[in-house]
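# Inside the fold
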Amino acid sequence: MLRSTAATALFALALLASPAAHARTQPPAEKPACGGDLGAFLEGVKAEAMALGVPASAADEALAGARIDKKVLSRDRGQGVFRQTFLEFSKRTVSQARLDIGRQKIKEYADTFARAEAEYGVPAPVITAFWAMETDFGAVQGDFSTRDALVSLAHDCRRPELFRPQLIALIEMVQHGDLNPQASVGAWAGEIGQVQMQPKDIIKFGTDGNGDGHVNLKDSEEDVILTAARFIQNLGFNRGEPWIQEVTIPDGLPYEKTGLGGPLTAAEWFALGVAPRDGNTSFGHLKASLTLPQGRKGPAFLTYPNFGIYLEWNQSFIYTTSAAYFATRLAGAAPYDKGNPEAGLSPDEMKVLQEKLQALGHDVGKIDGILGGGTRVAIQKEQQRLGLPADGWATQALLGAL
């Protein structure tokens, strides 16, 4: 899902390299028709929708008055770059006010949350944390015309394979009576509602929670909760398993085994002296990655297989770790121990480090000054080569050593 609404201004900067990530659509081999006369383009969209069984009347209703929104295209080309650390980002997003509101929502909609967990295996804190992170519980859902945003992005030849299917799905929503094309507003990339889902996902996973015969993710909290639960289940959430757990760590760990996708089980980490702060070691049989967002001297977490659903929701490591931590707080966990992490690098220094790593043969992706996954892996390899603790955190000492 694109994290791009006004409500998610703090975290919309979080790795927008995959603008339809939440839609989970696989692009076709060839790009669909795009560009040219807008009227002719819309006729082509209408014909495609009709070929899929959508009545011409629904397509006409959905597309009448559609226009290109240049602000949408400007946002698409000017996506922000996420440079906050985990401590900075999580402090701003996992606020006491949001925790208080989240706990209130869990009580207020207890019956719906109970149904969501019974039917889809997803507990209330997981859903509620996304609800908070995306739109502050629906308070700010975006102010772009959803129809015009998708028309603009589908017509534009930059990534029509991602957005034309979303426009077709929007027409289906109009057909079902679930969207008013003239009035519906949301994010610049077409996400709708309190948990910011794109039309294809709403068509596939939308659930009528209040029994009115419609899926309304803008105004019906019951629909929001059940649809989110169903979607999260589809992302691979395993019923009854944890997603993230704060731990304390001893000195001298095999830091080269840390990071997402590590080779150990939780029990093997426990045997090395890693200790859950909540004392719960009952999930020792599960694969677990020791995750150090700001190196070995900062907060430390074991991330379990269920953490994968956060990476599916949003590909930013900082966003996902914050959202997962948020959910644990709603589930009763204590605030993390922030530790005393070593100072990181400035964006310019990070670019210099990435250039050095690239020159050494590492694939760090784009030289952008962001400590992303590829850069972390490269850092670990060089730290290990240099005899430094291979915790993946970029420091002045490493930059100097290279």
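The preceding data block contains the structure.
Presented here is a report on the structure given in the accompanying data block.

With that settled, consider the overall build of the protein. The secondary structure content of the protein amounts to 17 helices and six strands. The proportion of buried residues among the 402 residues of the protein is 54%. By sequence separation, contacts in the protein at least 24 residues apart represent 71% of the contacts at least 6 residues apart. Between the mean site of the 39 positive side-chain charges and the mean site of the 46 negative ones, the protein shows a separation of 5 Å.

Another point: helix H14 (residues 317-330). Compared with the 20 Å implied by 1.5 Å per residue over 14 residues, the 20 Å span of H14 between its first and last C-alpha is a close match. Within H14, 14 of the 14 residues are buried, leaving the element largely enclosed by the surrounding structure. Note on H14: the residue one or two positions beyond its end, Gly332, has a positive phi of about 115 degrees.

In contact at an axis separation of 11 Å, helix H1 (residues 38-51) and helix H8 (residues 146-155) are set at 100 degrees when each is read in the N-to-C sense. If you check the angle between H1 and H8, you find them roughly perpendicular. Within the contact between the two elements, H1 uses Leu38, Phe41 and Leu42 and H8 uses Val151, Ala154 and His155. For the contact of H1 with H8, a count of residues per class yields five nonpolar, one polar and no charged.

Before going further, it helps to spend a moment on the side chain of Gln196. When you line up the elements, Gln196 lands in the loop between strand E2 (185-186) and helix H10 (199-205). Among the polar contacts listed, one links the side chain of Gln196 to the backbone oxygen of Gly193, at a separation of 2.5 Å.

Note that His155 resides in helix H8. Given a relative accessible area of 14%, His155 falls into the buried group. A distance of 2.8 Å separates a polar atom in the side chain of His155 from the backbone oxygen of Gly36. Sequence-distant contacts of His155, defined by excluding residues within four places in its chain, comprise Cys34, Gly35, Gly36, Asp37, Leu38, Phe41 and Ile68.

Once that is clear, we can look at the pattern of salt bridges. Taken as a whole and judged by the stated rule, the model has 14 salt bridges. Note that Glu48 is salt-bridged to Arg164, the shortest N-O span being 2.6 Å. Remark: Arg164 occurs in helix H9 (residues 160-176) and Glu48 occurs in helix H1; sequence separation between them is 116 residues. Note that Asp100 and Arg103 form a salt bridge whose closest N and O atoms lie 4.0 Å from each other. Here Arg103 and Asp100 lie together in helix H5 (residues 96-108), a separation of three residues that amounts to about one turn. By relative accessible area, Asp100 is classed as partly exposed at 41%. We classify Arg103 as partly exposed; its relative accessible area is 31%.

It is worth spelling out the packing of aromatic side chains at this point. Here the structure, examined in full by the defined rule, presents 14 aromatic pairs. A ring pair is formed by Phe130 and Trp313, whose centres lie 3.9 Å apart and whose planes are at 10 degrees; its orientation type is stacked. Of this pair, Phe130 sits in helix H7 (residues 124-135) while Trp313 sits in helix H13 (residues 308-313), and the two are 183 residues apart along the sequence. Residue Phe130 is classed as buried on the basis of its relative accessible area of 1%. According to the relative accessible area criterion, Trp313 is buried, its value standing at 0%. Aromatic rings pair up to connect Phe130, Phe205, Phe231, Phe307, Tyr310 and Trp313 into one cluster.

Right, let's talk about the state of the cysteines for a bit. Here a disulfide denotes one covalent bond, and it connects the sulfur atoms of two cysteines. A full pass over the atoms with the stated rule returns one disulfide. Across the disulfide, Cys34 is cross-linked to Cys157 (sulfur-sulfur distance 2.1 Å). On the sign convention where negative means left-handed, the S-S torsion of about 110 degrees between Cys34 and Cys157 marks this disulfide as right-handed. Of this pair, Cys34 sits in the segment before H1 while Cys157 sits in the loop between H8 and H9, and the two are 123 residues apart along the sequence. Residue classification places Cys157 among the partly exposed positions, given a relative accessible area of 36%.

Before going further, it helps to examine the environment of Arg158. Mapped onto the fold, Arg158 is located in the loop between H8 and H9. The spatial distance from the C-alpha of Arg158 to the C-alpha of Thr258 is 37 Å, given a sequence separation of 100 residues. Of note is the side chain of Arg158, whose polar atom sits 2.9 Å from the side chain of Asp76.

Turning next to H9. Helix length check: H9, at 17 residues, gives a terminal C-alpha distance of 24 Å against a target of 24 Å (1.5 Å per residue), a fit within 8%. The buried fraction of H9 amounts to 13 of the 17 residues, a majority that puts the element mostly inside the structure.

What counts as what
Residues numbered from 1 in each chain as written. Predicted model: local features only at pLDDT ≥ 70, side-chain atom pairs only at ≥ 80, totals over all residues. Heavy atoms only, no water. Helix = DSSP H or I, 4+ residues; strand = E, 2+ residues; numbered from the N terminus. Buried < 20%, exposed > 50% of the residue type's maximum accessible area, 1.4 Å probe, protein only. Contact = heavy atoms within 4.5 Å. Lys, Arg positive; Asp, Glu negative; His and termini not counted. Charge placed at Lys NZ, Arg CZ, Asp CG, Glu CD. Expected span 1.5 Å × (residues − 1). Axes fitted to C-alpha atoms, helices over the stretch in contact; angles between N-to-C directions. Parallel < 35°, antiparallel > 145°, perpendicular 65-115°, else oblique. Nonpolar A, V, L, I, M, F, W, Y, C, P; charged D, E, K, R; others polar. Polar contact = N/O pair within 3.5 Å; in protein donor to acceptor, adjacent residues only side chain to side chain. Salt bridge = Lys/Arg side-chain N within 4 Å of Asp/Glu carboxyl O. Phe/Tyr/Trp six-rings, centres within 6.5 Å; stacked < 30°, edge-to-face > 60°. Disulfide = S-S within 2.5 Å.

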